[in-house]
Amino acid sequence: QVQLVESGGGLVQPGGSLRLSCVGSGFTFSSYGLSWIRQTPGKGLEWVSGIHSDGEPTTYTESAKGRFTISRDNAQNTVYLQMNSLKPEDSAVYYCAKERDVVLVVTTWGPYDCWGQGTQVTVSS
């Protein structure tokens, strides 16, 4: 059974940091690209960052550049999202998602065939 399980969300003050983790199982983790996607009631789904199967390339949405870092440890079947200088507008449920296809050259992110259950991030004073 293909599964992704996120953790690491919580309440943090503006300017603070969080590190999200996502552990994959039931598939060859090192073969697939992964993305972090967030959802808010007002803005819907927003793609945040993606990482290729071997760790490069990585890509970020404009609002995350310079503040967020995506990484992965294929030996631990885990992808991370380090979030620094958090802002209230970063508040959302964060999901990790697995690419449907094995891709040799990244030209776009998605489609996705498995999503985690999500982890809530709240940035508030």
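As a reminder, the structure under discussion sits directly above these lines.
Residues numbered from 1 in each chain as written. Predicted model: local features only at pLDDT ≥ 70, side-chain atom pairs only at ≥ 80, totals over all residues. Heavy atoms only, no water.

Asker: How would you explain empty space enclosed by the protein if you had to name every residue and give the values?
Answerer: Counting across every chain of the model gives one cavity of 30 Å³ or more. Roughly 50 Å³ of volume is contained in the largest cavity. Broken down by class, the residue content of the lining of the largest cavity amounts to three nonpolar, three polar and two charged. (1 Å grid on protein atoms, 1.4 Å probe; cavity = no way out; pocket = protein on both sides within 12 Å on 5 of 7 lines; lining within 4 Å. Points joined across faces, edges and corners; volume = space filled by probe spheres on them. Nonpolar A, V, L, I, M, F, W, Y, C, P; charged D, E, K, R; others polar.)

Asker: Provide a residue-level description of the sheet that holds strand β8 (residues 78-83), including the pertinent values.
Answerer: The four strands are arranged β1-β3-β8-β7 in an open sheet whose pairing can be described as antiparallel. Across the chains shown, the open sheet's two edge strands, defined by having one partner strand only, are β1 (3-7) and β7 (68-73). Neighbour-to-neighbour, the strand axes of the sheet open up by a mean angle of 15 degrees, direction not taken into account. Taken together, the five bridges between β1 and strand β3 (residues 18-25) define a ladder with antiparallel strand orientation. In the sheet register, Leu4 faces β3, and the bridge partner there is Gly24. (Pairing = 2+ DSSP bridges. Helix = DSSP H or I, 4+ residues; strand = E, 2+ residues; numbered from the N terminus. Axes fitted to C-alpha atoms, helices over the stretch in contact; angles between N-to-C directions.)

Asker: Tell me about unusual backbone geometry, residues and numbers included.
Answerer: A cis amide bond links Glu56 to the next residue, Pro57, at an omega of 5 degrees. For Pro57, the location among the structural elements is in the loop between β5 (44-51) and β6 (58-60). The backbone phi angle of Asn77 is positive, close to 50 degrees, even though this residue is not glycine. Looking at where Asn77 falls in the secondary structure, it is placed in the loop between β7 and β8. Backbone geometry places Ser85, a non-glycine residue, at a positive phi of 50 degrees.

Asker: Any details on the state of the cysteines? Residues and values, ideally.
Answerer: As enumerated under the stated definition, the model contains one disulfide in all. Cys22 shares a disulfide with Cys96; S-S distance 1.9 Å. In this structure the cystine formed by Cys22 and Cys96 twists about its S-S bond by roughly 50 degrees; its chirality is therefore right-handed. Of the two residues, Cys22 sits in strand β3 while Cys96 sits in strand β9 (residues 92-99), which places them 74 residues apart along the sequence. Here Cys96 falls in the buried class, since its relative accessible area comes to 0%. (Disulfide = S-S within 2.5 Å. Buried < 20%, exposed > 50% of the residue type's maximum accessible area, 1.4 Å probe, protein only.)

Asker: For the packing of aromatic side chains, give the residues involved together with the corresponding values.
Answerer: Enumeration over the complete set of coordinates arrives at five aromatic pairs. Pairing Phe27 with Tyr32 gives two aromatic rings, centres 5.9 Å apart and planes at 80 degrees, and the pair type is edge-to-face. Like Tyr32, Phe27 is buried. Plain terms: the ring middles of Tyr95 and Trp115 are 6.1 Å apart, the flat faces sit at 75 degrees to each other, and that makes the pair edge-to-face. Linking Tyr95 in strand β9 with Trp115 in strand β10 (residues 112-115), this pair joins segments that are 20 residues apart in sequence. Note on Trp115: relative accessible area 37%, which makes it partly exposed. One aromatic cluster is present, formed by Phe27, Phe29 and Tyr32 through successive ring pairs. Lying over the aromatic face of Phe27, Lys98 brings its terminal NZ or CZ to 5.5 Å of the ring centre. Geometry around Tyr32 places Lys98 over its ring, the cationic atom sitting 3.9 Å from the centre. (Phe/Tyr/Trp six-rings, centres within 6.5 Å; stacked < 30°, edge-to-face > 60°. Lys NZ or Arg CZ within 6 Å of the ring centre and 35° of its normal.)

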